[in-house]
Amino acid sequence: MFKRVVVGVSGGVDSAVTAYMLKQKGFDVRGAFMKNWDLIDESGYCSGEQDWLDAQKLCRQLRIPLEETNFVKDYWLEVFGSFLKDYEKGVTPNPDILCNRHIKFNLFYKYAREKMGADAIATGHYARTNFGPFLEQYDDRAPIRLLAGVDDIKDQTFFLSQISADALRRTMFPIGAMTKAQVKRYAADVGLEAFARKKESMGICFVGKRSFQDFIGEYIETKPGDFVDFDTGKVVGMHKGLHHWTVGQKAKIGGCLQPYFVFQKDVDRNVIFVVSGTDHPLLVTDMVYVENPVWINKPERLSDGVLRCLFRFQHTKPLVHCSLIESSEDGSRMFVKLDEPLRAITPGQYAVFYKDEECFGSARIVKPGPSIVYCQR
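So, how was this worked out
- Residues numbered from 1 in each chain as written.
- Predicted model: local features only at pLDDT ≥ 70, side-chain atom pairs only at ≥ 80, totals over all residues.
- Heavy atoms only, no water.
- UniProt positions renumbered as here; feature names shortened; annotations may be inferred.
- Pairing = 2+ DSSP bridges.
- Helix = DSSP H or I, 4+ residues; strand = E, 2+ residues; numbered from the N terminus.
- Contact = heavy atoms within 4.5 Å.
- Axes fitted to C-alpha atoms, helices over the stretch in contact; angles between N-to-C directions.
- Parallel < 35°, antiparallel > 145°, perpendicular 65-115°, else oblique.
- Left-handed = near helix turned anticlockwise from the far one by under 90°.
- Nonpolar A, V, L, I, M, F, W, Y, C, P; charged D, E, K, R; others polar.
- Salt bridge = Lys/Arg side-chain N within 4 Å of Asp/Glu carboxyl O.
- Buried < 20%, exposed > 50% of the residue type's maximum accessible area, 1.4 Å probe, protein only.
- Core = buried A, V, L, I, M, F, W, Y, C linked by side-chain atoms within 4.5 Å.
- Arc of directions from axis to C-beta.

The name that an unreviewed UniProt entry assigns to the chain is tRNA-5-taurinomethyluridine 2-sulfurtransferase, with the source organism given as Aedes albopictus. Regarding the chain, the UniProt comment filed under Sequence similarities (unreviewed entry) reads as follows: "Belongs to the MnmA/TRMU family."

Printed below as a string of structure tokens:
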């Protein structure tokens, strides 16, 4: 059923091993390199050109055809444009989740299927599905389930939590059952040691080697305003723009007995409210309001309409048990009650929902609920 597979080749070891394993399985493998960022004005900050050269080297070595797909305009509109608008509104976005949703598992998936004749696509993500790493257990009558990769540290289901079930049904994750260390050893064993030695790219590609503060300052106008102590109402310092700060971040304010941390941002007044001490009670809450959920596999709810599952809003943090309740008739808004309070839940990020090893999907965080201290005021 699945003969031609188009691999998203990035120039790194994960996609290199993915392509090699597919070739060994006898698939008609084609490579595609996604160009998502225009480097003309970037003065070499992004490693995209070197990645393109490495992708060409890999495909020559494996003797598979390769083409470059250009999604620069789409990336600007769907990912980077949204990224800037969010920062201007005082919220903190997640461009990796947006890129997977709009580019890799939407536009690229459609391009591979419609223009390259793919029966399926494959990527080097550390994730799994119930259909198997090579779709060997595919069942057109069964729902698709997104499962965590076996490498707890590298698991990428958090970043895949907004993709469509339709694309996931025809996606292979050949290395999802491997750890990063196993992938690198495998690459060295099969003659791909150059890719195993390549330094792994970290962070947001379009930021590159610059500090994030310098980068974001190039696109959003600096508008100084006040740091205000939320408890006392007093001005305690000046900031250089709301977009430079996120909830829970340590504020650079001199002459304080304890360091201040960002609590809230008031866009209309251009004020950042801060609280004293990293463990200040106002930074902690057990309630979260979310909207516009994307369900890969929508779970069944209990008889009282409550869904019990696991929650995280940062991919490196432990999962927390929660109760999920729909607060609108169409299911577009939900309320999350956490079993344990968490610090610095950030508007614009995503609440990602799990049960056991399955990732159900995610919803965008509108705002954290008030802390117990705030409710008592």
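Next comes the rest of the description.
**Some points on the sheet that holds strand β9 (residues 235-239)**
Read from one edge to the other, the open sheet built from five strands follows the order β9-β8-β12-β11-β10, with strand pairing classed as mixed. The open sheet is flanked by β9 and β10 (250-251), the only strands paired with a single partner. One ladder, built from two bridges, connects β10 with strand β11 (residues 260-266); its direction is antiparallel. Directly across from A251, in β11, lies its bridge partner Y260.

**Regarding the sheet that holds strand β1 (residues 4-8)**
In spatial order, the strands read β3-β2-β1-β4-β7; together these five strands make up an open sheet with parallel pairing. Every interior strand has two partners, whereas the edge strands, β3 (66-70) and β7 (171-172), have only one. Relative to β7, strand β4 (residues 120-122) runs parallel, the two sharing two bridges. The partner of I121 across the bridge, within β7, is T171. Running over the sheet, helix α2 (residues 48-62) touches β2 (28-35) and β3 and is turned about 150° from β3.

**Observations concerning the packing of helix α1 (residues 13-24) against helix α6 (residues 180-189)**
Relative orientation of the contacting elements α1 and α6 amounts to 60°, with a least axis distance of 10 Å. Here α6 runs oblique to α1, going by the angle between their axes. Crossing handedness for the pair α1 and α6: left-handed. In this structure, α1 uses V13, D14, V17, Y20 and M21 to contact α6, whose residues at the interface are K180, V183, Y186 and A187. Of the residues contributing to the contact of α1 with α6, the split by class is seven nonpolar, no polar and two charged.

**A few points about the pattern of salt bridges**
Pairing is possible between side chains that carry opposite charge, provided their charged atoms lie close to one another. In the structure shown here, the tally under the stated rule is 14 salt bridges. With its nearest N and O atoms 2.8 Å apart, the salt bridge here joins D54 to K198. Remark: K198 occurs in the loop between α7 (193-197) and α8 (212-217) and D54 occurs in helix α2; sequence separation between them is 144 residues. A relative accessible area of 14% means that D54 is categorised as buried. Among the salt bridges present, the one from D266 reaches R269, with a minimum N-O distance of 3.7 Å. Residues joined in a network through salt bridges with shared partners are R4, D28 and R30.

**A few points about the nonpolar core**
In terms of nonpolar packing, the biggest core is built from 75 residues, with L22, F27, L58, L146 and M172 touching the most fellow members. At eight residues, the largest contribution of residues to this core is made by helix α4 (residues 95-114). For F27, the contacting residues outside a window of four places in its chain are F2, K3, V5, L22, F134 and M172. Of all hydrophobic cores here, the second largest spans 19 residues; its members include V288, F313, C322 and A363.

**As for α6**
All of the buried residues in α6 are K180, V183 and A187. When α6 is viewed along its axis, its buried side chains cluster within an angular range of 55° and face the same direction. Opposite the buried face of α6, at more than 90 degrees from it, the exposed residues are R185 and D189. Structurally, α6 contributes buried residues whose contacts are with α1 and α7.

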